[in-house]
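Summary of structural features
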Amino acid sequence: MKQKPTSFRQCSEVVYSAQDSVISISKSEVDFLREVAEKSSSRKARILLHGTPEKDLHEMLIVHSYGQYIQPHINVHSAKSFVVLDGDMIVVMYKNDGTINRHIHLSNYDSCLEFLLRIDEPVFHTVLATSNTVTFLETVKGPHRETCYAPFAPSPANVSEAEKYMDWLMDEVGVNH
C-alpha cells in the first residue's frame, strides 16, 4: 500500500484528516485515497481537508467506487457543492417522499459534461459513482453534528435491502449494471 501522507492523521479505516494550516493535494494523495477505497469493504475513502468537525467550512476530498451504496441524506443547515476531479458520478435528488426529483451526471472538466454542482436548498440526495472510481471535492457548511438520513431508503447495514435499492436506483437513473 502507498504510504500515508505525513500531513494526514488517520481517523478511521477510510477517513483521514489534514493536520496542517496549509494543505496541498497532488496525484500522489489521490492515488493513496483510491488505494484505501479499493482495499476497504466500504469501497470509499476521504480526506477531511478542514481538519476537525468544529470548523465553519467543511471540504472533503472523496473517492467512491462503482456500485457503492450511499444512503440518501440531507444537509439541513447548509448548501452543498460537488466538484468532480476524475471519473463520473450522478447526484440524485429526491422529494421528501422518496421519489426522484432530478439527477445530474457530473464528470471531470475535460468531458464536456457538468463538473460542478451546487445544491443551495436542503434536499435529500445521494451520489452514485458511474465509473470504476470517482474523485470529487465536497464542500458544506460546518460544524458537522450529525447526518440526517432519509427514512425512505434502507440503511447500508441492511445489505440485502440496500442492494435492492441500488438496483432500483441505477435503473431509475439509467445506469447499466
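The structure contained in this document is the topic of the report that follows. (Residues numbered from 1 in each chain as written. Predicted model: local features only at pLDDT ≥ 70, side-chain atom pairs only at ≥ 80, totals over all residues. Heavy atoms only, no water.)

Notes on helix H1 (residues 27-39)
With 13 residues, H1 extends 18 Å from end C-alpha to end C-alpha; this agrees with the ideal 18 Å at 1.5 Å per step. Among the residues of H1, Glu29, Val30, Asp31, Phe32, Leu33, Glu35, Val36 and Ala37 are the ones counted as buried. Looking at the buried residues of H1, the elements they touch are strand E1 (8-10), strand E2 (15-18), strand E3 (44-48), strand E4 (57-65) and strand E11 (133-141). (Helix = DSSP H or I, 4+ residues; strand = E, 2+ residues; numbered from the N terminus. Expected span 1.5 Å × (residues − 1). Buried < 20%, exposed > 50% of the residue type's maximum accessible area, 1.4 Å probe, protein only. Contact = heavy atoms within 4.5 Å.)

What about unusual backbone geometry?
Of the consecutive residues glycine 142 and proline 143, the connecting peptide bond is found in the cis state with omega at -10°. Its identity as a non-glycine residue notwithstanding, arginine 43 has a phi of 55°, on the positive side. Here arginine 43 lies in the loop between H1 and E3. For arginine 43, a relative accessible area of 32% translates into the label partly exposed.

A few points about empty space enclosed by the protein
To find leftover empty space, a probe the size of one water molecule is rolled over the atoms. Inspection of every chain in the model, using the stated rule, returns 1 cavity of 30 Å³ or more. Lining the largest cavity are Asn75, Ser78, Lys80, Ile119, Glu121, Pro122, Val123 and His125. Residue composition of the lining of the largest cavity, by class: 3 nonpolar, 3 polar and 2 charged. (1 Å grid on protein atoms, 1.4 Å probe; cavity = no way out; pocket = protein on both sides within 12 Å on 5 of 7 lines; lining within 4 Å. Points joined across faces, edges and corners; volume = space filled by probe spheres on them. Nonpolar A, V, L, I, M, F, W, Y, C, P; charged D, E, K, R; others polar.)

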